[in-house]
Amino acid sequence: GTPGLGSIQDALLTMVEKKFKMKVPHVPIKVSDMPIYLQKKEIAGFIAWEPHCANTVHLGYGHSIYTSGDIFPGHQCCALGVQGKLVREKPDMVQKITKIYVDTYRFFLAHQEEMLKLMSEKTLMPVKVLKEALEYVQYPDPPYVHVESLRIFTRELIDAGKIPRDKVRDVDKFVAEIYNDRFIKAALKG
């Protein structure tokens, strides 16, 4: 199971296939449903974001055999994205959203115990599972996008045929067009 064809997790699964010279079916499934599919043996495994993987192990439905960090050490995990149209038409709104994102991100980093309790209440997952899940996720501060990850994931999705080659002839140019750090730079300045 993957969260969707063309997702970062789907690209990571493609990287695993290349490494081990194998092919597996990529079945798009809602992430919150993946543990149920695994428990019912409707899928043999899945790749998703935390804390769903750690919770599946906790529930006894599966085992973690490979993390995204094992597949692609240092890769980008979480990022804020907005449509280009919004950037062009409402840059003030994008700036406000980005500032809220940065402030919330940094609050989370500074108050993890408090945030874990809140996350546990909202997800109904035990704090210990959430704490374990956080060990697999990188939270760089400041939260700039890891641009090389964008390039690598784009190439992987092109190689897998999920992005048509004729749509992205120059990966570096494509990444430069989709990545805009001016809002985060302004948010960090205050």
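What this report covers is the structure whose coordinates are included nearby. (Residues numbered from 1 in each chain as written. Predicted model: local features only at pLDDT ≥ 70, side-chain atom pairs only at ≥ 80, totals over all residues. Heavy atoms only, no water.)

### A short note on the overall build of the chain
The secondary structure content of the chain amounts to eleven helices and zero strands. Secondary structure elements of the chain, listed N to C terminal, follow the sequence α-α-α-α-α-α-α-α-α-α-α. In terms of overall size, the chain behaves like a compact globule, its C-alpha atoms giving a radius of gyration of 18 Å where 190 residues would be expected to give roughly 16 Å. Considering only C-alpha atoms, the chain reaches an extent of 50 × 45 × 25 Å along its principal axes. Burial analysis of the chain (190 residues in total) assigns 34% to the buried set. Counted over contacts in the chain with a minimum sequence separation of 6, partners at least 24 positions apart contribute 62%. Looking at the chain, you have 27 positive and 23 negative side-chain charges, and the mean spots of the two groups are 3 Å apart. (Helix = DSSP H or I, 4+ residues; strand = E, 2+ residues; numbered from the N terminus. Rg over C-alpha atoms; globule rule 2.2 N^0.38 Å. Buried < 20%, exposed > 50% of the residue type's maximum accessible area, 1.4 Å probe, protein only. Contact = heavy atoms within 4.5 Å. Lys, Arg positive; Asp, Glu negative; His and termini not counted. Charge placed at Lys NZ, Arg CZ, Asp CG, Glu CD.)

### A look at the pattern of salt bridges
Taken as a whole, this structure holds twelve salt bridges when the rule is applied. Taking the shortest distance from any N to any O, the salt bridge between Lys162 and Asp10 comes out at 2.5 Å. Taken together, the residues span a long stretch of sequence, with Lys162 in the loop between α9 (147-159) and α10 (171-178) and Asp10 in helix α1 (residues 8-20) at a distance of 152 residues. Looking at Asp10, the relative accessible area reads 0%, which means it is buried. (Salt bridge = Lys/Arg side-chain N within 4 Å of Asp/Glu carboxyl O.)

### Looking at a nonpolar patch on the surface
A surface patch of nonpolar side chains, about 290 Å² in accessible area, is lined by Leu80, Val82, Met93 and Ile97. With respect to the helices and strands, Ile97 occurs in helix α6 (residues 91-110). A residue is classified by how much of its surface remains accessible, and Ile97, at 33% relative accessible area, is partly exposed. (Patch = residues over 30% accessible without salt bridge, like charges linked within 9 Å, V, L, I, M, F, W, Y side chains within 5 Å. Areas by Shrake-Rupley, 256 points an atom, 1.4 Å probe, with all protein chains shown as cover.)

### Overview of unusual backbone geometry
Cis geometry marks the peptide bond from Glu50 to Pro51, where omega comes out at 10°. Summarising the element assignment, Pro51 is placed in the loop between α2 (34-39) and α3 (52-59). Here the amide bond leading from Asp141 into Pro142 is cis, since omega sits at 10°, within 30 degrees of zero. Structurally, Pro142 is set in the loop between α8 (127-134) and α9. The backbone of Leu124 sits at a positive phi, close to 65°, despite the residue not being glycine. Position of Leu124 relative to the elements: it lies in the loop between α7 (112-123) and α8. For Leu124, a relative accessible area of 75% translates into the label exposed.

### Section: the environment of Glu114
Relative to the helices and strands, Glu114 resides in helix α7. Taking the relative accessible area as the measure of exposure, Glu114 reaches 47% and is therefore partly exposed. Residues Glu114 and Pro51, spaced 63 residues apart in sequence, show a C-alpha to C-alpha distance of 17 Å.

### Quick notes on the packing of aromatic side chains
Overall, the coordinates contain five aromatic pairs when judged by the stated rule. A centroid spacing of 5.3 Å and a plane angle of 55° characterise the contact between Phe108 and Tyr139, whose relative ring orientation is tilted. Separated by 31 residues along the polypeptide, Phe108 in helix α6 and Tyr139 in the loop between α8 and α9 bring together distant segments of the chain. On the basis of relative accessibility, which here comes to 12%, the residue Phe108 falls in the buried class. Clustering of aromatic rings is evident, with ring pairs tying together Tyr101, Tyr105, Phe108 and Tyr139. (Phe/Tyr/Trp six-rings, centres within 6.5 Å; stacked < 30°, edge-to-face > 60°.)

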